[in-house]
Structures are given as C-alpha cells and as structure tokens.
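# Examining the three-dimensional arrangement
Here is what each chain is made of, one letter per residue.
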Amino acid sequence: MLKNLKQTKFSTYLVLIILFLGCNHKKQQTHSTSETINPVFFNEFTKVDSINPILNPSSILQFTDPITGVLAKWEERNVLNPTAVVKDDKVYLMYRAQDLNGTSRIGMAISEDGLHFKKMEEPILFPDNDDMKVYEWNYKKSEAEQTNSEDCYFCYFDGVEDPRVVQSNTGEYFMTYTAYDGKTARLSLASSKDLKTWTKHGLVLKDEKYKDLWSKAGAIVSKLEGHKMVATQINGKYWMYFGDTNLFMATSTDLIHWEIAINEESKKPISVLHPRMGYFDSRLVEPGPYAILKEEGILLIYNGSNASNFNDLLLPQYTYAAGQALFDKTKPYKLIDRTESYFIHPDKDYEKIGEVNEVCFVEGLVFFKNKWFLYYGTADSKIAVAISD
C-alpha cells in the first residue's frame, strides 16, 4: 500500500513537472514570436570587414579654395557621412570631407563593384563666393583663413555637410545637405543633371520664421525604380523627413520649394518620430538615407544616439546606431511600426575611435547587383559599407 502511494505521488509530481515545463516553453515561444521583426524592415546588413573602411582621408587631393584663394587639402582631416546613387551601372558615392581646419566640402568617388572606389580630385560642392556663403562660411572668419587652436579645434568648423541624393522623374538629381556657418546648421538644397556640376537652390526652410531654425538631414520619400531611387508624390506632394533631435516634415510640389508641416492649433512644426528613454535612440533621432515608399508603407532608416542616462545600458553613452521606422503610405506623418533595437552599431576599432567616438552613421543606400549596399560614416572619420541580400 505504501509502495503504491509513493508511486502515485511520484507520477503526480512527474505530470506537474511536465506541464510546468510545457507551459514555460510555450511562454518562451510566444515571447520570441512577439519580437519577430516586421518583414518590411531590413533583417540584416553584413559589414564587409575584409575591405572596411573603404574610404580614408588623404592629404594628396588638393584644390584652390574660391573664397581664400589658398590651395586646400580638402579631405585631409576626415571623410564621413556619404550618400550614393547608381548611374551607368556604377555606384557614385558623394561624401562629406573635412580639411584640417574643419571646413566641410562634398567629394565624389566612383566604383564598378560598390566596394572599391576611385576618388575625384576636387570636391563637387563647396562654400563659394555666392548667395549661400553667409550660411556656409564660418561667421568668425576674416578674409584670411583662420587656424584652429588646440583649445578650440572646432571654432572654425563650417561648410557643406551630410548629402542625401535622389532623382526626379525627369532624371535630375536633387541633393539635400547641411549648410553650417559655425553657429547654426541649416537644411539646404542643390540640383544637378550629371552629379558633377551642382546648382544651389538655397535654404529648404526659406520662410523668415524658420530660416534661422537649426535644421538638417533631409530624407525625401522615394521609390525604387530599377536601380534608381526616384522621388515620388503622395497625395499630390513630395514629402521629406528632417531633423536631428525629433523628426519633422516638409512638403513640396517641385522638389525645390518646400513648406514645413505645421500643427494648425499650436502653429509649431509637427514632430513624427521621437527619442525613446531606455533605448538606443534615447538621446536623438535623425534620418539616414532617403525614405523608401513600399506597398506596406514608408520605410525610414534612421540614426539614433544613446543618452547619458535613462538609456540603453548595453551601449556606451552617446553611441550612434541605426534603427528603422515605418510610416503609413498615404499619411507619411503616421508612424505604424518601429524596430525595438538597432541593426548596426559600432563594434570595430575604426567605428569606436575617431573624431567622434562610437559612431556608425548610416546615410547612403543603393540597390546594386541585386543587393542592398549601405554606406556609413565611422567615428566621423572614415567610411565603411555593409551589404544585405
């Protein structure tokens, strides 16, 4: 009788253990399913470690600065934050380059395989004696070029920064870039028919109320047509995401004249994407490449920075990593999904140490040879590439 009782108790315990493990396994499976990434998002980009970084600064390339008349080694300090387009079965990479004083200009490099690039000798966009000089040339500079001191190495930073390029339906190229005068960053616009000669169209936010507003990083909503990213209208307008703390929006009917999207009640710009406490993007959010119009919605790859506290504890403070957001395809201001975590972050020495430490800043994206090539700045000093099939 006692033996049978022990056997009964043992059987009961065994059943309870099996049921508990089964329930726990189900809970784990459910949790895993809830974390599954939306299929519209890019699942993975693989860094090409065998050749990265693909672009480095150089003291060899020189051109005569049109403002000072001095021969400038225009990319001697840093190369960073590139955009890219596919043209004639080649990748054209347009990148920000800094001289030793910190003046930024836009250079271009060309590749037949998307990996190995040949640089053009002179920049394609730069501060000049034109209407944009007041926004692109440091307000502290006199007629002669100033030299940065060790105590204030960034005091004379200025120039044209962080390009993003898309095509129009006529084949013309439109570039958003940041004009910086040493005090205020202003989102600006230029266009070109051949990628080499550019016409400046002034500030994106021309309205007197907003022309001195800190603004940068304009990502125009576009659609993949073959290997080209073509700006596309939604409800009769072109749309642009911009900003580098929260994300705002602007609209246009011709890609040149833009109006900031305003909340009619508060009369303030609408904000459509925000930092999140406890996440990798707890400090700020900023657009990456152009935004991609898909059947499921508008996909925006964005850069996020980790705050000093109330942040992602697994990343160093101020780390730049990239995430993805999805907006409604007919209501570009309506956020419908967002990745919980980053898909690329600094984990290589050249990404962790440089002009600004702990930075992977994504800005260039092309569909080339049936793969996606993502180009990004590393530690504000070099340029690297990652690929997604």
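We now turn to the structure provided with this report. (Residues numbered from 1 in each chain as written. Predicted model: local features only at pLDDT ≥ 70, side-chain atom pairs only at ≥ 80, totals over all residues. Heavy atoms only, no water.)

With antiparallel pairing, the four strands of this open sheet are ordered in space as β1-β25-β24-β23. Edge strands, defined here as strands with exactly one partner in the open sheet, are β1 (46–47) and β23 (360–368). Relative to strand β25 (residues 382–388), strand β24 (residues 371–378) is paired through seven bridges, and the arrangement is antiparallel. In the sheet register, Y375 faces β25, and the bridge partner there is V385. (Pairing = 2+ DSSP bridges. Helix = DSSP H or I, 4+ residues; strand = E, 2+ residues; numbered from the N terminus.)

So, on to the nonpolar core. Generally speaking, soluble globular proteins have nonpolar side chains that are buried together. F42, F45, W258, I292, I344 and L365 are the most contacted members of the largest nonpolar core, which has 38 residues in total. Ignoring any residue separated from it by four or fewer positions in sequence, one finds F42 in contact with I37, I292, L299, I301, Q324, L365, W372 and S388. Grouped together as the second largest cluster of nonpolar side chains are 23 residues, V48, F63, Y375 and V385 included. (Core = buried A, V, L, I, M, F, W, Y, C linked by side-chain atoms within 4.5 Å. Buried < 20%, exposed > 50% of the residue type's maximum accessible area, 1.4 Å probe, protein only. Contact = heavy atoms within 4.5 Å.)

Moving on, we come to the environment of P66. Structurally, the position occupied by P66 is in the loop between β2 (63–64) and β3 (71–72). Apart from the residues within four sequence positions on either side, P66 is in contact with F126, P127, D128 and N129.

Tallying each qualifying case throughout the model produces 16 aromatic pairs. A cation over an aromatic ring shows up here: K141 above the ring of W137, its NZ or CZ 3.7 Å from the ring centre. (Phe/Tyr/Trp six-rings, centres within 6.5 Å; stacked < 30°, edge-to-face > 60°. Lys NZ or Arg CZ within 6 Å of the ring centre and 35° of its normal.)

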